[in-house]
Every structure is written in C-alpha cells, then in structure tokens.
Amino acid sequence: MMIIIMSPTATMENLKKVQDKILKEGLRYHLSKGELRTIVGVIGDKKIISGLQMKAFDGVEKTVQITEKYKLVSREFKPEDTIVNVDGVLVGGGHLGIMAGPCAVESMEQLLESAEAVKARGANFLRGGAFKPRTSPYDFQGLATEGLEMLKAAGAQTGLKVVTEIVDMNALDLISQYADVLQIGARNMQNFELLKAVGRSQKPVLLKRGMSATISEWLNAAEYILSEGNYNVILCERGIRTYETFTRNTLDLSAVAAVKELSHLPIIVDPSHGTGRWQMVRPMARAAIATGADGLMIEVHPHPEIALSDGDQSLTPENFSLVMEDVQNMMQVMGRD
Ligand code: PEP
Ligand code: MN
C-alpha cells in the first residue's frame, strides 16, 4: 500500500490527476478527506505501486510506502533518531560508538593489551567474543565464562563498555552480568527465540545483519526485539554474501543509507567481517563514516599473526590509530562533531 499525502493547497484538479493516474495503472484508491488535507491510499499490485512516481504530481506533498510488516523500528512510527544509552555512553543521533578489540578473548594479557590500545586511540567500547560461533567445530570456540570475566575486568580497568556475543538464550542471565551490550551475530539474526529473549531484557543489543538477510528481514528481526519491550537496539552492517570471493563478504554501505531512511535505530558498520582483509578496513571505515554510520566495529589484536581467530582481518594498534585519525578527519569534513 502507498499513502499519498496531498498538500493543503492542492486543488480538486490536482487530486483528479492523481486519481486518474492510479486508475490508469489498474490500481484502486481510498480517499480520506481531512480538514486540512486529503490522503489517498493506493492499493493493488505491489510492484506497480512501488514504481509509481507520485511525488512528481502537482499538489502531492509526500508519499509513504507501507509494504513492510515492521512498525516499531520504522521512521514513520518514530521520526527522530534513537539514541541508545549504554550506561552513560551514547550511540546514535550524532554520537559515535567505536567498538574495537579482538575477535575472541584469548587470554587476560591479550585482552588487556587490546583494550588499552583501543582506549588510548579513542574507542569507547571493547569488543571480544567469549562464545564464538565458528564455522568448524574444530576451531577455537572461545573461553566461555572465563572469557566473560576477563572482559568485565578489562572493561573496568579501561573504562570501556563491553560488547560480547550471545549465542544461546539460556546464557542470557550469565552474559548480562558481564556485558554492557549483547551482540547477536550474523548467524543468529533470525534466531527468533534468542531475539525474543534479549527483547525481554533491557540490555542494549547490537544486532548484526545476517549474511544473506535483506534489509527488510533485518529490520523485522529488530522488530522482534522492540516488540518485546527492549528499544535499545543498535544495528550493525557486517557484509553480505555475494559471488565475490576476493573479500570475505561484500560490505553493503548502501544499507546504512537505507536504514537511515527506513528506521530511527542507530546503525554501525563492521568493516572487519565486512571485508575479511585488514588492508581494506581503513578505507571502508572512512567510507562508513562518510555514509552516516553511527559508529564502527573493528577487530584489533596486538599480534594479528598469532590470533586464534580472524587474524587476517584484525588491525594492529598502529593501524587502528590511522583509522581513528580518518574518522576524526571525516567527521570534521562532514561538519559532524
Ligand atoms: C564477530 O563479531 O565476532 C562475529 C562473529 O561477527 P558476525 O556475526 O558478523 O560474523
Ligand atoms: Mn571475528
């Protein structure tokens, strides 16, 4: 369905031309005549409706496409940007969340070295997986509760907020004791029971895009969380699977612009998983900020060559510095603070 909102100054003739066009396309309409303006609800073939260029008609103030099932996450429902407050650190509405750290927590030493390095360079969140959803069962699976304890300690020591992944709804209470933000990974984006469980919590959630998820499916996944009462959701574009093999994924920066149009929720970008190549993280991070992202998630490891996971896409602290310089410069160029 599409809603055409006529301007208060639209004439009967303007309206007639709109009605004629709709009928000519084989569509139907409902009129709602308000005191100030007339609203035309167009129904019929979805494809034809989405191709309608009604904004070009005189007297049309704006058009709104209502094809989606999600409501609470939509801009129509809430026009102003949501700012997620993570225990005093804000993300969205102009506030950047810079989440950096190793792919996986490997040891206290490795984690603390990473945390101090990213904190010194301007990150405000420490990322690190304690439960790793690995493609192969023979790969390092994470340090579990021990890893959570290390994250909490490193967060406390550096003043960084902790982001870590939850893969099992039964671990919600446990992880909530250690984490400031619950990460839902790409592989679990449509784990609806997990989405509902974090929705019943009030902990902020970082919802990564599924590797084959459309933007609509992703926003519907977020709707699951909001519909349970948790409005503290940050989206994260992390690349989607395409035919390209040079990169691990294809980073879809257009999703940032799309989400900004469709939703009020903050969206950050993960150029590490998005490309799988550390060399590409810096340019893609810069581009993400240029596109209007509300932050970044970046894998940083003190010694990427010996990382237990995702070493190829992890930055050294020195390279992370360069990213942060770019972020600052880009923010300045764009007049963003
Ligand atoms: C991660 O952030 O460590 C991770 C596993 O990412 P994704 O779910 O995007 O693959
Ligand atoms: Mn990783």
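Structure first, text after, so check above.
Model, not experiment: these values are computed from the prediction.

1. Notes on the site of ligand 1
Part 1 of the reasoning: The environment of ligand 1 is formed by Arg127, Lys132, Glu165, Gln183, Gly185, Ala186, Arg187, Lys208, Arg238, His273 and Glu299.
Part 2 of the reasoning: In this structure, an oxygen atom belonging to ligand 1 sits 2.8 Å away from a main-chain N or O atom of alanine 186.
Part 3 of the reasoning: Contacts to ligand 1 include arginine 238, whose side-chain N or O atom sits 2.6 Å from an oxygen atom.
Part 4 of the reasoning: Look at ligand 1: alone it shows 290 Å² of surface, and the protein chains cover 97% of it.
Part 5 of the reasoning: Here the shell around ligand 1 is built from residues that sort into 1 nonpolar, 3 polar and 7 charged.

2. Remarks on the environment of glutamine 110
Part 1 of the reasoning: On the secondary structure map, glutamine 110 appears in helix 3 (residues 108-120).
Part 2 of the reasoning: Its relative accessible area of 6% is what places glutamine 110 among the buried residues.
Part 3 of the reasoning: Glutamine 110 sits 79 residues away from leucine 31 along the chain, and the two C-alpha atoms are 64 Å apart.
Part 4 of the reasoning: When near neighbours in sequence (up to four residues on either side) are disregarded, glutamine 110 contacts Pro102, Ala104, Val105, His301 and Pro302.

3. Some details on the coordination of the manganese ion (ligand 2)
Part 1 of the reasoning: All of the protein donors around the manganese ion (ligand 2) are Cys103 (SG), His273 (NE2), Glu299 (OE) and Asp310 (OD); their distances to the metal are 2.0 to 2.4 Å.
Part 2 of the reasoning: For the manganese ion (ligand 2), all donor residues lie on one chain, and their spacing in sequence is C-x169-H-x25-E-x10-D. On the criterion of sequence distance, the pair formed by cysteine 103 in the loop between strand 7 (97-101) and helix 3 and glutamate 299 in strand 14 (residues 295-299) is long-range, its members being 196 residues apart.

4. Details of the side chain of asparagine 124
Part 1 of the reasoning: With respect to the helices and strands, asparagine 124 occurs in the loop between helix 3 and strand 8 (125-127).
Part 2 of the reasoning: Within the structure, the side chain of asparagine 124 is placed 2.7 Å from the backbone nitrogen of isoleucine 98, a separation counted as a polar contact.
Part 3 of the reasoning: Residue contacts for asparagine 124: discarding those within four places in its chain leaves Val89, Leu96, Gly97, Ile98, Leu160 and Lys161.

5. A short note on the packing of helix 6 (residues 192-200) against helix 7 (residues 215-227)
Part 1 of the reasoning: Contact geometry of helix 6 with helix 7 gives a least axis separation of 7 Å together with a crossing angle of 40°. In terms of axis orientation, helix 6 runs oblique to helix 7. In the packing of helix 6 onto helix 7, the handedness of the crossing is right-handed. Contacts between helix 6 and helix 7 involve Phe192, Leu195, Lys196, Val198 and Gly199 from the former and Ala221, Tyr224 and Ile225 from the latter.
Part 2 of the reasoning: When the residues that make up the contact of helix 6 with helix 7 are grouped by side-chain class, the tally is 6 nonpolar, 1 polar and 1 charged.

6. Brief notes about helix 3
Part 1 of the reasoning: Between its first and last C-alpha, helix 3 extends 18 Å over 13 residues, near the 18 Å set by a 1.5 Å rise per residue.
Part 2 of the reasoning: In this structure, the buried side of helix 3 is in contact with strand 7, strand 8, helix 4 (144-158) and helix 11 (317-333).
Part 3 of the reasoning: Once helix 3 finishes, glycine 122 follows within two positions and takes phi at roughly 105°, a positive value.

7. Observations concerning the sheet that holds strand 2 (residues 28-33)
Part 1 of the reasoning: The antiparallel open sheet is built from 4 strands, whose spatial order is 2-3-1-4. Either end of the sheet is taken by a strand with one partner, and the two such strands are strand 2 and strand 4 (60-65). Averaged over all pairs of adjacent strands, the angle between their axes in this sheet comes to 20°, without regard to strand direction.
Part 2 of the reasoning: In this structure, strand 1 (residues 2-6) lies alongside strand 4, joined through 5 bridges in antiparallel fashion. Residue methionine 2 lies in a different strand from strand 4, and its bridge partner there is glutamine 65.
Part 3 of the reasoning: On top of the sheet, helix 1 (residues 12-24) reaches strand 1, strand 2, strand 3 (38-43) and strand 4; it is set at about 155° to strand 2, its chief contact.

About the thresholds
Residues numbered from 1 in each chain as written. Chains lettered and ligands numbered in written order. Predicted model: local features only at pLDDT ≥ 70, side-chain atom pairs only at ≥ 80, totals over all residues. Heavy atoms only, no water. Near = heavy atom within 4 Å. Polar contact = N/O pair within 3.5 Å; in protein donor to acceptor, adjacent residues only side chain to side chain. Areas by Shrake-Rupley, 256 points an atom, 1.4 Å probe, with all protein chains shown as cover. Nonpolar A, V, L, I, M, F, W, Y, C, P; charged D, E, K, R; others polar. Helix = DSSP H or I, 4+ residues; strand = E, 2+ residues; numbered from the N terminus. Buried < 20%, exposed > 50% of the residue type's maximum accessible area, 1.4 Å probe, protein only. Contact = heavy atoms within 4.5 Å. Donors = N, O, S within 2.8 Å, 3.2 Å for Na, K, Ca; no water. Axes fitted to C-alpha atoms, helices over the stretch in contact; angles between N-to-C directions. Parallel < 35°, antiparallel > 145°, perpendicular 65-115°, else oblique. Left-handed = near helix turned anticlockwise from the far one by under 90°. Expected span 1.5 Å × (residues − 1). Pairing = 2+ DSSP bridges.

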